[in-house]
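Chain and residue survey
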Amino acid sequence: MSIPMQFPGLFSLIILLTDDNPAHTEQGLAVACSLSDITGAEIASFSVPKLKGLRRFIAGKRKVQLLTGRREETLSWLNYAKGGTLLHSVSALFKQRKIKDNSSKTIIISAGSETAAYNLAVASAWNVACSVIGNPEGVGTKPFEFVIIPEYEKQPAEPNILKIVTPPNNIGGKELDEKAKALLEKRKADGSRIWPLLVGGSGADNSMDPEKLRLLAAKLACRAEACGMQIYAGTSSRTDRKCLAVLQKLAEQNEAVHCLLPEEYGEDLHYALMGITDTVFCTEDLFGEISEAVTAGRKVVLLRTACTKGLKQKISRLTGRLVENGALQRFRAHGTARNNLVYDRFKRHGKLQEFENWLLYCGTKETPSSGLDGETSVWRNFNEARRAAKWIAESLAE
């Protein structure tokens, strides 16, 4: 759902620079689309070069050239970093649109440290505004007019920095509804209502405990039977064999449970499940999907399925406790502890509920919004991409 065009004509063109990281592309596109919604600007997307080996290393070291502000240094870095074609393509578009040097109607947006240097270089070559999402390594935050950084990352307190709760995303309720409709055409629910269960898996920062998943999914299945509901449990590419076996066995034993695989229903399975109802059950490792569900206006019920054994988990829990007690800064938290900082924010504002708490009331008790953060406007219609876009527009419109 687009927001009203509050700043018509503020920008005429938004340049979006992308790399080969889908998450970065999604974040950049989310802010670019939201900014386009409120200004009416056209979006043009360009890919940055993918450097490897020694050239990538040296290009990283030479990023300091971009901080001099001298055009010849900028062009020298672009030439070494294989950015000449990128600059030529952007320049050709500028000439086609009759955009002149130092245009106030143009902005360049990117996400991730790899694209940040190209963003700064092209913006410097044309003297236009630039915005980066994430912490730009090698060049710092000062050269950028607008820097958008999640609260859990390390960042200084500067006027050109906006701290957001989660990375921006471009998810929308209409899009989810369409995906849900397509899913239900393949897998009808026989008139019963559905509780969607989104199941992730193990990753670099966490691992899923099959036994915890079995116990929690079994409890949910029992409650579903009692309430006349069906469970659509959607797995992901990260769901390991043991966890998948747990869900498949539960589906065999309980008619209310259906195990859906992405190989059969597509990679957008989780998004389709998000669109079925206003309440979504998620395993705790699905940080991105949980953020997207909250952005789309869904209420999330969190299943704690992470394995608590192992050195990584012990360090994560320790840093989490130290952050909670004020002994460490927030950016020191990582893995599960970092996710929990965001989940706690969601809980305080009624966007997320722990499964055990939900189970006590079978979803009838709403978690009240406490407003403890003093940011009620942020949480009323939670959407970090829109908030970032509005911040950029308001800063320039002053």
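**Quick look at the nonpolar core**
- Residues Ile-15, Leu-17, Phe-46, Trp-77, Leu-86, Tyr-118 and Phe-144 are the most contacted members of the largest nonpolar core, which totals 37 residues.
- Per-element accounting of this core gives the leading share, nine residues, to helix α5 (residues 113-126).
- With sequence-adjacent residues up to four places away left out, Leu-17 is seen in contact with Phe-46, Val-48, Leu-86, Ile-108, Ile-109, Ser-110, Ala-111, Thr-115, Tyr-118 and Asn-119.
- With 32 residues, the next largest nonpolar core counts Ile-171, Ile-194, Tyr-232 and Val-294 among its residues.

**Notes on the pattern of salt bridges**
- Under the defined criterion, the tally for this structure stands at 17 salt bridges.
- A salt bridge links Lys-50 to Asp-20, with the shortest nitrogen-to-oxygen separation between them at 3.0 Å. One end of the pair, Lys-50, is in the loop between β2 (42-47) and α2 (53-61); the other, Asp-20, is in the loop between β1 (13-18) and α1 (22-39), with 30 residues separating them in the sequence. No difference in accessibility class separates Lys-50 from Asp-20, as the two residues are exposed.
- Across the pair Glu-42 and Arg-97 runs a salt bridge whose closest N-O atoms are separated by 2.7 Å.

**Some thoughts on the packing of aromatic side chains**
- The final tally for this structure, using the stated rule, is ten aromatic pairs.
- Measuring from centroid to centroid gives 5.4 Å for Phe-146 and Trp-391, while their planes differ by 85 degrees, and the two rings are edge-to-face. You can see Phe-146 sitting in strand β5 (residues 146-150) and its partner Trp-391 sitting in helix α16 (residues 384-397), a full 245 residues away along the chain. In this structure, Phe-146 and Trp-391 share a single accessibility class: buried.
- Between Phe-281 and Trp-358, the aromatic rings sit 4.9 Å apart at their centres with planes inclined by 85 degrees, giving edge-to-face as the arrangement. Of this pair, Phe-281 sits in strand β10 (residues 279-283) while Trp-358 sits in helix α14 (residues 355-361), and the two are 77 residues apart along the sequence.
- Relative accessible area serves as the criterion here: at 4%, Trp-358 is assigned to the buried category.
- Members of the aromatic cluster, connected to one another through ring pairs, are Trp-195, Phe-281, Phe-355 and Trp-358.

**Notes on the sheet that holds strand β11 (residues 299-303)**
- Pairing in this open sheet of six strands is parallel, and the strands run β9-β8-β7-β10-β11-β12 from one edge to the other. This sheet does not close on itself; its edge strands, each paired only once, are β9 (257-260) and β12 (352-354). The average angle at which neighbouring strand axes cross in this sheet is 25 degrees, direction not considered.
- With four bridges joining them, strand β8 (residues 229-234) and β9 adopt parallel strand pairing. The partner of Gly-234 across the bridge, within β9, is Leu-260.

**A short note on helix α8 (residues 241-253)**
- Look at α8: 18 Å from first C-alpha to last across 13 residues, which is about the 18 Å you get at 1.5 Å a residue.
- When we look at burial in α8, the residues that qualify are Cys-243, Val-246, Leu-247 and Leu-250. All buried residues of α8 project into a common sector of 90 degrees when viewed along the axis, lining one side. Turned more than 90 degrees away from the buried face of α8, the exposed residues are Arg-241, Lys-242, Lys-249 and Glu-252.
- In this fold, the buried residues of α8 make contact with α7 (210-227), β8 and β9.
- For α8, the side-chain oxygen to backbone nitrogen distance between the N-cap and Lys-242 is 3.3 Å, and the N-cap itself is Asp-240.

**Some thoughts on empty space enclosed by the protein**
- Considering all chains together, one arrives at three cavities of 30 Å³ or more under this definition.
- As a volume, the largest cavity reaches approximately 50 Å³.
- For the largest cavity, the full set of lining residues is Asn-206, Glu-284, Asp-285, Arg-304, Ala-306, Thr-336, Asn-339, Asn-340 and Tyr-343.
- Among the residues making up the lining of the largest cavity, the classes are represented as two nonpolar, four polar and three charged.

**A look at the pairing of β8**
- Burial of β8 is extensive: six of the six residues sit out of reach of the surface.
- Taking every second residue as pointing to the same face, both faces of β8 are buried, with Met-229, Ile-231 and Ala-233 on one and Gln-230, Tyr-232 and Gly-234 on the other.
- Relative to β8, strand β7 (residues 193-198) runs parallel, the two sharing six bridges. What sits directly across from Leu-197, in β8, is Ala-233.

**Focus: the environment of Gln-230**
- Checked against the element boundaries, Gln-230 lands in strand β8.
- Note on Gln-230: relative accessible area 8%, which makes it buried.
- For the pair Gln-230 and Glu-255, spaced 25 residues apart in sequence, the C-alpha separation works out to 8.1 Å.

**Topic: the sheet that holds β5**
- Across the sheet, six strands lie side by side as β2-β1-β3-β4-β5-β6; this open sheet has parallel pairing. Strands with a single pairing partner mark the edges of an open sheet, and in this sheet they are β2 and β6 (161-164). In this sheet, neighbouring strand axes are inclined to one another by 20 degrees on average, regardless of whether the strands run parallel or antiparallel.
- Bridge count for β5 against β6 is four bridges, and the pairing is parallel. Bridging across to β6, Val-147 finds its partner in Ile-161.
- Against the sheet, α1 contacts β1, β2, β3 (106-111), β4 (129-133) and β5, and its axis sits at roughly 150 degrees relative to β3.
- Each of β3, β4, β5 and β6 is contacted by α16, which is oriented at about 155 degrees to β5, the strand it contacts most.

**Remarks on unusual backbone geometry**
- Here the phi dihedral of Lys-82 falls at roughly 60 degrees; this positive angle occurs in a residue that is not glycine.
- Notably, Asn-127 is not glycine yet its phi reads approximately 55 degrees, a positive angle.
- Looking at the secondary structure, you find Asn-127 in the loop between α5 and β4.

Cut-off values and rules
- Residues numbered from 1 in each chain as written.
- Predicted model: local features only at pLDDT ≥ 70, side-chain atom pairs only at ≥ 80, totals over all residues.
- Heavy atoms only, no water.
- Core = buried A, V, L, I, M, F, W, Y, C linked by side-chain atoms within 4.5 Å.
- Buried < 20%, exposed > 50% of the residue type's maximum accessible area, 1.4 Å probe, protein only.
- Helix = DSSP H or I, 4+ residues; strand = E, 2+ residues; numbered from the N terminus.
- Contact = heavy atoms within 4.5 Å.
- Salt bridge = Lys/Arg side-chain N within 4 Å of Asp/Glu carboxyl O.
- Phe/Tyr/Trp six-rings, centres within 6.5 Å; stacked < 30°, edge-to-face > 60°.
- Pairing = 2+ DSSP bridges.
- Axes fitted to C-alpha atoms, helices over the stretch in contact; angles between N-to-C directions.
- Expected span 1.5 Å × (residues − 1).
- Arc of directions from axis to C-beta.
- Polar contact = N/O pair within 3.5 Å; in protein donor to acceptor, adjacent residues only side chain to side chain.
- 1 Å grid on protein atoms, 1.4 Å probe; cavity = no way out; pocket = protein on both sides within 12 Å on 5 of 7 lines; lining within 4 Å.
- Points joined across faces, edges and corners; volume = space filled by probe spheres on them.
- Nonpolar A, V, L, I, M, F, W, Y, C, P; charged D, E, K, R; others polar.

Taken by themselves, the reported measurements are silent on function.
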